[in-house]
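Structural overview
Listed below are the residues making up each chain.
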Amino acid sequence: MANFETCRQCGNKLYGDDIAIYRKLVLRCADDFLCIDCLAEYLGVSRAAIEAKIRYYRESGTCMLFK
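Anyway, here's the lowdown on the structure attached to this text.

Summarising the element assignment, Arg 47 is placed in helix H3 (residues 47–60). Excluding residues that lie within four positions of it along the chain, Arg 47 makes contacts with Ile 36, Asp 37 and Ala 40. Separated by 2.8 Å, the side chains of Arg 47 and Glu 51 make a polar contact.

Shown next as structure tokens:
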């Protein structure tokens, strides 16, 4: 069953950026997600690195997930 409401690891509420960056970096057709903090931990990077990627994709205007 798809879960677009809460992080599958910590249970925090998900927002559009959480879902978009997870789909961009992990699995495009995902139907359950990690919040930005849990995704950063999963990927072994900082939250700031994930946020920088989100800014990059949003500002570039080339990714449909961030429009």
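Tallied over the entire structure, the rule returns 4 salt bridges. Across the salt bridge formed by Asp 37 and Arg 47, the nearest N and O atoms sit 2.8 Å from each other. Linking Asp 37 in helix H2 (residues 36–43) with Arg 47 in helix H3, this pair joins segments that are 10 residues apart in sequence. Under the relative-accessibility criterion, Asp 37 is labelled partly exposed at 42%. Judged by relative accessible area, Arg 47 falls into the partly exposed class, the value being 36%. Between Glu 51 and Arg 47 there is a salt bridge, with the nearest N and O atoms lying 2.8 Å from each other. Within this pair, Glu 51 and its partner Arg 47 are both found in helix H3, separated by 4 residues, close to a single helical turn. For Glu 51, a relative accessible area of 29% corresponds to the partly exposed category.

Rules of the game
Residues numbered from 1 in each chain as written. Predicted model: local features only at pLDDT ≥ 70, side-chain atom pairs only at ≥ 80, totals over all residues. Heavy atoms only, no water. Helix = DSSP H or I, 4+ residues; strand = E, 2+ residues; numbered from the N terminus. Contact = heavy atoms within 4.5 Å. Polar contact = N/O pair within 3.5 Å; in protein donor to acceptor, adjacent residues only side chain to side chain. Salt bridge = Lys/Arg side-chain N within 4 Å of Asp/Glu carboxyl O. Buried < 20%, exposed > 50% of the residue type's maximum accessible area, 1.4 Å probe, protein only.

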